[in-house]
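This is what each chain is made of:
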Amino acid sequence: MSQEATEAATRESGEAGTPEAVDTADAVAAGSEIETESAEVGGRDGDDAVSSAEKASSAEKAWPGDTASPHGKASPDDTAPVGTSSPHDTSSPHGKASPDDTASPVDTSSPVDPAEASEASETVDAPEAARPAEQPAGSAPRPGWFGWRRRYPRTAHGVAVGTSVLAAALLLFALLVPNRLERLGPDAFFRLPAEGILLAGLLLAVPPRSRRLLAVASGAFLGLFTVLKFVDMGFYSVLARPFDLVLDWILLDDAAEFVRESFGRTGQVLAVVGAIVVLVAVLVLMTLAMVRVTNLMVRHRALATRTTLILGTAWITCMTLSIQIAGVPLATKGNAEFVNNRIEQVQAGLKDGRIFEKQASVDAFAKTPPDQLLTGLRGKDVLFTFIESYGRVAIDDPAMAPQIDAALKQGTNSLEAAGFQSRSAWLEAPVTGAGSWLAHSTFLSGLWIKNQQRYRSLTTSDRATLNSYFRKTGAWRTVGIVPGVRRAWPEGKFFALDHIYDSEHLGYQGPYFSWTPVPDQFSLEAFQRLEHGKKNRDPIMAEIILASSHNPWSPIARMVDWDDLGDGSIFHRIKKEGTDPKEVWQDPERVRTEYRRAIEYSLDSLTEWVERYGTDDTVLVFLGDHQPVPTVTAGSTSKDVPVTIVARDPKVLDRIAEWNWTDGLKPAENAPTWGMDRFRDRFLTAYGPQGG
């Protein structure tokens with residue numbers, strides 16, 4: 001087209017903003033972007049394509065500084081290179097494309113592949129990470145807040161690139177982060193996740209509309225997936241097992257209550273709010289990250305496809321050859337295995353109710369007449385005492401063994417001097433780290449109570465416990481000393497206790513020691529005052545919970561003269577002298593030390609009580625309820641706890657001679673180990689008519 005024709009077209013069209021010109025410019029811009037990504041549009045060489053794109057984009061939008069004349073004609077200044085009409089614009093006098101426009105690399109009148117056009121439109125609103133720092137005015141990125149992207153194009157480009165990198169890193173973190181804290185290290189993130197490679201290929205393959213939905217759905221799922229891994233970290237840190245999607249929801253409420261009792265109401269509120277904020281933030285950020293990375297892959301389809309194929313080939317090679325780095329496999333399908341394990345866990349949880357119902361229906365002593373029950377213990381005071389978190393680690397761990405051995409040896413000698421003998425062994429608990437009520441229920445019911453669903457089923461059934469059989473005989477008064485109970489406990493009726501003394505009914509006026517409401521020494525003294533020390537009473541069967549060795553083991557009470565206990569006010573001074581749990585828990589070794597001291601305190605309280613108040617009719621059965629948290633067990637997977645029977649009457653211990661338990665308060669390493677659910681029936685058999 002001649003120079004004169006061009007100028008005439010410019011004068012007639014007046015401005016690039018007429019509908020026809022805008023439509024043409026938009027089509028040319030879209031065609032230029034499609035040509036840049038797929039290289040499928042024919043035409044002239046690259047330089048001509050760039051030139052044409054720049055010409056077309058100049059008609060897209062005028063910047064605030066444009067100087068179009070008031071009559072719609074181009075002023076002399078309109079020849080500025082940015083944001084204005086060029087003298088070489090090819091608009092016809094009537095706003096239509098001139099014949100020369102057909103030489104452009106992108107023909108706006110030619111048909112365009114619908115799929116490619118859809119993809120091009122799909123990524124228009126995506127982040128501008130792949131665009132150059134300085135662009136022609138017509139193709140400038142969205143202005144952003146206060147137009148900062150226009151004023152600082154290089155900064156905007158850097159922010160876009162940085163955001164894309166962070167989004168990709170977040171997705172990679174979610175795919176590779178383990179669900180256990182001890183496995184969280186740099187080597188965990190130098191791996192190729194099969195799931196990420198497959199997802200990238202799927203996102204590139206599906207149609208644009210489906211891709212959008214898939215990106216949002218997969219981002220949200222990955223967010224939930226990451227949250228579940230975080231919850232697992234907490235459960236492994238306390239219970240040494242993963243979170244059960246069917247059975248463990250109620251434990252979240254118990255966890256919040258534990259935080260309140262340990263750190264106060266403010267600590268509980270902050271913990272709950274923090275957990276909610278983290279949950280929402282992970283879900284939102286993961287979804288946004290997935291959408292951004294998906295759009296980035298679409299804008300660079302060729303590169304993304306090649307990279308996905310290369311990574312897929314590398315994964316297959318590494319998996320086939322079992323290539324490892326520092327002992328960690330380079331190729332991983334851990335997320336698929338994680339999901340598969342959770343599916344199996346859910347299926348098992350749904351079936352568990354029926355399995356437990358069958359087990360609970362079998363009771364070898366259900367039809368035994370009352371006068372044939374526990375005949376070997378008639379007239380005795382039988383005390384079943386649980387020491388919180390008293391696990392095998394306290395005896396076996398080299399760092400704790402010397403002090404615990406000394407305490408057990410001293411206790412054995414002191415009891416022997418008072419005329420008592422003892423036998424000890426091991427029981428395997430159904431839980432570790434926490435869940436004391438599950439262990440108590442297992443021991444007393446003879447059923448394996450490993451989760452809350454089983455506990456609820458048990459406590460709403462007519463299953464008989466050891467307590468029930470003692471009460472059934474009519475020969476014992478059954479009582480409970482449960483200082484850890486501070487609110488309504490409807491399940492208490494199931495355990496067949498004639499009277500329950502909770503933390504509010506022991507007469508204690510001293511302070512809490514973190515979670516522990518009442519020190520063990522005071523609980524035992526209260527039992528003596530309220531029940532055991534009464535004259536002309538019936539024999540007692542007591543269930544006693546000693547809670548001073550409950551997590552977090554800071555601060556810890558210490559022994560005082562029994563005559564100085566009073567109402568417990570003396571413990572205010574002792575608490576002030578104790579440690580701060582927030583400081584203690586910054587160092588795992590200090591935690592282990594405080595745990596050991598707490599166990600020593602509980603053992604001393606119990607053995608001193610027997611020495612002081614025990615009689616010829618006293619029969620003490622004491623045991624740990626479960627192992628402490630993994631911070632203390634230091635990787636041990638054992639669920640064993642010590643169990644001991646103490647009596648002054650030799651006939652009591654003669655009845656369990658065939659059990660082959662170890663003499664004294666400390667069980668030998670090779671002493672018998674039973675499941676905690678087997679104790680009830682063996683105890684009833686040993687002290688029944690056929691026992692001994």
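### Focus on a nonpolar patch on the surface
- A cluster of nonpolar side chains, namely Leu224, Val272, Ile276, Leu279, Val280, Val284, Leu285 and Leu288, defines an oily patch on the protein surface of about 680 Å² accessible area.
- The element that contributes the greatest number of residues to the nonpolar patch is helix H9 (residues 249–299), accounting for 7 residues.
- Note that leucine 279 resides in helix H9.

### Structural notes on the side chain of threonine 473
- Structurally, threonine 473 can be placed in helix H16 (residues 466–473).
- Within the structure, the side chain of threonine 473 is placed 2.7 Å from the backbone oxygen of phenylalanine 470, a separation counted as a polar contact.
- Residue contacts for threonine 473: discarding those within four places in its chain leaves Pro370, Leu373 and Arg378.

### What about H16?
- Burial runs high along H16: 6 of the 8 residues are buried.
- Where H16 is concerned, the buried positions are Leu466, Asn467, Ser468, Tyr469, Phe470 and Thr473.
- Contact partners of the buried residues in H16: strand S5 (381–387), helix H14 (436–445), strand S7 (477–482), strand S9 (540–546) and helix H23 (679–686).
- A positive backbone phi angle near 75 degrees is found at glycine 474, which sits one or two residues after H16.

### Points about the packing of aromatic side chains
- This model, assessed by the stated rule, comprises 28 aromatic pairs.
- Relative to tryptophan 476, the ring of phenylalanine 470 has its centre 4.7 Å away and its plane inclined at 80 degrees; by these criteria the two rings are edge-to-face.
- Linked through ring pairs, Phe384, Phe386, Phe443, Phe470, Trp476, Trp659, Trp661, Trp674, Phe679, Phe683 and Tyr687 together constitute an aromatic cluster.
- Taking NZ or CZ as reference, arginine 392 lies 3.9 Å from the ring centre of tryptophan 426, over its face.
- Geometry around tryptophan 674 places arginine 682 over its ring, the cationic atom sitting 4.2 Å from the centre.

### Section: helix H17 (residues 520–532)
- Within H17, 12 of the 13 residues are buried, which leaves it mostly tucked inside the rest of the structure.
- Within H17 the residues assigned to the buried category are Asp520, Gln521, Phe522, Ser523, Leu524, Glu525, Ala526, Phe527, Gln528, Leu530, Glu531 and His532.

### Here's the deal with the packing of H16 against H23
- Where H16 contacts H23, the axes come no closer than 10 Å and their chain directions differ by 30 degrees. Comparing the axis directions of H16 and H23 gives the class roughly parallel. On the side of H16, the interface is formed by Leu466, Tyr469 and Phe470, while H23 contributes Phe679, Arg680, Phe683 and Leu684.
- The residue inventory of the contact of H16 with H23, partitioned by class, reads 6 nonpolar, no polar and 1 charged.

### A word on the side chain of aspartate 625
- Mapped onto the elements of the fold, aspartate 625 is located in the loop between strand S10 (618–624) and helix H21 (630–633).
- One polar contact links the side chain of aspartate 625 to the main-chain amide nitrogen of serine 389, over a distance of 2.8 Å.
- Sequence-distant contacts of aspartate 625, defined by excluding residues within four places in its chain, comprise Ile387, Glu388, Ser389, Tyr390, Ala429, Ser436, Ala439, His440, Val641 and Met676.

Reading guide: rules and limits
- Residues numbered from 1 in each chain as written.
- Predicted model: local features only at pLDDT ≥ 70, side-chain atom pairs only at ≥ 80, totals over all residues.
- Heavy atoms only, no water.
- Patch = residues over 30% accessible without salt bridge, like charges linked within 9 Å, V, L, I, M, F, W, Y side chains within 5 Å.
- Areas by Shrake-Rupley, 256 points an atom, 1.4 Å probe, with all protein chains shown as cover.
- Salt bridge = Lys/Arg side-chain N within 4 Å of Asp/Glu carboxyl O.
- Helix = DSSP H or I, 4+ residues; strand = E, 2+ residues; numbered from the N terminus.
- Polar contact = N/O pair within 3.5 Å; in protein donor to acceptor, adjacent residues only side chain to side chain.
- Contact = heavy atoms within 4.5 Å.
- Buried < 20%, exposed > 50% of the residue type's maximum accessible area, 1.4 Å probe, protein only.
- Phe/Tyr/Trp six-rings, centres within 6.5 Å; stacked < 30°, edge-to-face > 60°.
- Lys NZ or Arg CZ within 6 Å of the ring centre and 35° of its normal.
- Axes fitted to C-alpha atoms, helices over the stretch in contact; angles between N-to-C directions.
- Parallel < 35°, antiparallel > 145°, perpendicular 65-115°, else oblique.
- Nonpolar A, V, L, I, M, F, W, Y, C, P; charged D, E, K, R; others polar.

Note that every value here comes from positions in space, so none of it alone points to a role or purpose.
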